[in-house]
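Understanding the architecture of this molecule
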Amino acid sequence: MVGTRAYIFFGLNAVRILSIVSLILVFASSIFVMVTDIEAVNSFESAKQSGNVTAQDLVDCEYIENSTVPNQIGGVFWAIINRLLIIFQVVILFLSEIGWPSSFFERFFPVLGAGFGLGALGIFQGLIGAAVLSQHVDDFTLVSAFFLFVLGCINMFIGLLFRESAKSRRSITSWREEAKGVLPTTNLPPVAHLNLNRSGSSSSAQSFTSSTLNDEKTSDLSEFGAGRSNSRAGYGFGRQGEKAAGLKGFLISKPLETLPRYAARPTTAPSQSSRSPSPQPQFSSSGTAI
């Protein structure tokens, strides 16, 4: 059964196809009107040179006959510029609808890029349709411009409804990526390697803890070169180790020897030997002794 996401995808792409068709029709009708205007201007100039057109006819005529060119100074120039700008805008909108080149729109026309919705696109389409419908044109140009104006209103409504997610919802690449991720995928080990008893869980926890401690110990040893097997041994705790630690930013300071204020300073006492003094003789010598 087709879900809501599929209905939204197909509906947005149907509007997208109709929008592309309307832009192609307006492009073709603009070229047709521009060619018709040029032919009408040439016919008017040739009739004016031959004398078939009087000065009163030039004053009463607001537009050149069978054209959209106003009968005023620079009317032909501005009429051609108008058609060229419409063609240029239609080409830009057509490229925006097919999504190529995306980097160009992301940099120079962000409102027509993938990060924005369809509201800005609908506004541009409505402006082009209204500009063409405001003039007296033939039936083909009239239908094409009205079709583009209607699609512009639809795109403005879709832009208000889905906001910036409208283009991502109708994108074919995002549809394929979402279709691949419909079922959740996991990277679990096979059932044969699973051990659900308590002893297995405790042993796995112990192995994880031991491996973590070993990794930390190895990283600490490698900081000072103690874990190198293919080179010399570590620097130890002597001057070489202190020098290597200083180069790596580890400073070892010797604490100052201080005493609290209430403690008395030590005084030097006379040295006492653990040996007992030698005994004094208890007899007296005679005067006649040799």
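A short tour of the structure in this document, coming up. (Residues numbered from 1 in each chain as written. Predicted model: local features only at pLDDT ≥ 70, side-chain atom pairs only at ≥ 80, totals over all residues. Heavy atoms only, no water.)

Next up on the list: the packing of helix α5 (residues 119–133) against helix α6 (residues 139–162). Two numbers describe how α5 lies on α6: the axes approach to 7 Å, and their chain directions differ by 155°. Relative to α6, the element α5 is oriented roughly antiparallel. Between α5 and α6 lies a crossing whose hand is left-handed. Contacts between α5 and α6 involve Gly 119, Leu 121, Gly 122, Ile 123, Gln 125, Gly 126, Ile 128, Gly 129, Ala 130, Val 132 and Leu 133 from the first element and Thr 141, Leu 142, Ala 145, Phe 146, Leu 148, Phe 149, Leu 151, Gly 152, Asn 155, Met 156 and Gly 159 from the second. (Axes fitted to C-alpha atoms, helices over the stretch in contact; angles between N-to-C directions. Helix = DSSP H or I, 4+ residues; strand = E, 2+ residues; numbered from the N terminus. Parallel < 35°, antiparallel > 145°, perpendicular 65-115°, else oblique. Left-handed = near helix turned anticlockwise from the far one by under 90°. Contact = heavy atoms within 4.5 Å.)

So, on to α5. Helix length check: α5, at 15 residues, gives a terminal C-alpha distance of 21 Å against a target of 21 Å (1.5 Å per residue), a fit within 8%. Taken together, the buried positions of α5 are Leu 121, Gly 122, Gln 125, Gly 126, Ile 128, Gly 129 and Val 132. Buried residues of α5 fall within an arc of 165° about the axis and therefore sit on the same side. (Expected span 1.5 Å × (residues − 1). Buried < 20%, exposed > 50% of the residue type's maximum accessible area, 1.4 Å probe, protein only. Arc of directions from axis to C-beta.)

Core analysis: the largest hydrophobic core is formed by 20 residues, its most contacted members being Val 26, Ile 86, Val 90, Leu 93, Leu 112, Ile 128 and Ile 158. For this core, the elements supplying multiple residues, two or more each, are α1 (4–50), α3 (75–98), α5 and α6. If one sorts the elements of this core by residue count, α6 sits on top with 5 residues. Residue contacts for Val 90: discarding those within four places in its chain leaves Leu 23, Val 26, Phe 27 and Ile 128. Counting residues in each nonpolar core, the second largest holds 6 residues, with Ala 40, Phe 44, Ile 64 and Ala 79 among its members. (Core = buried A, V, L, I, M, F, W, Y, C linked by side-chain atoms within 4.5 Å.)

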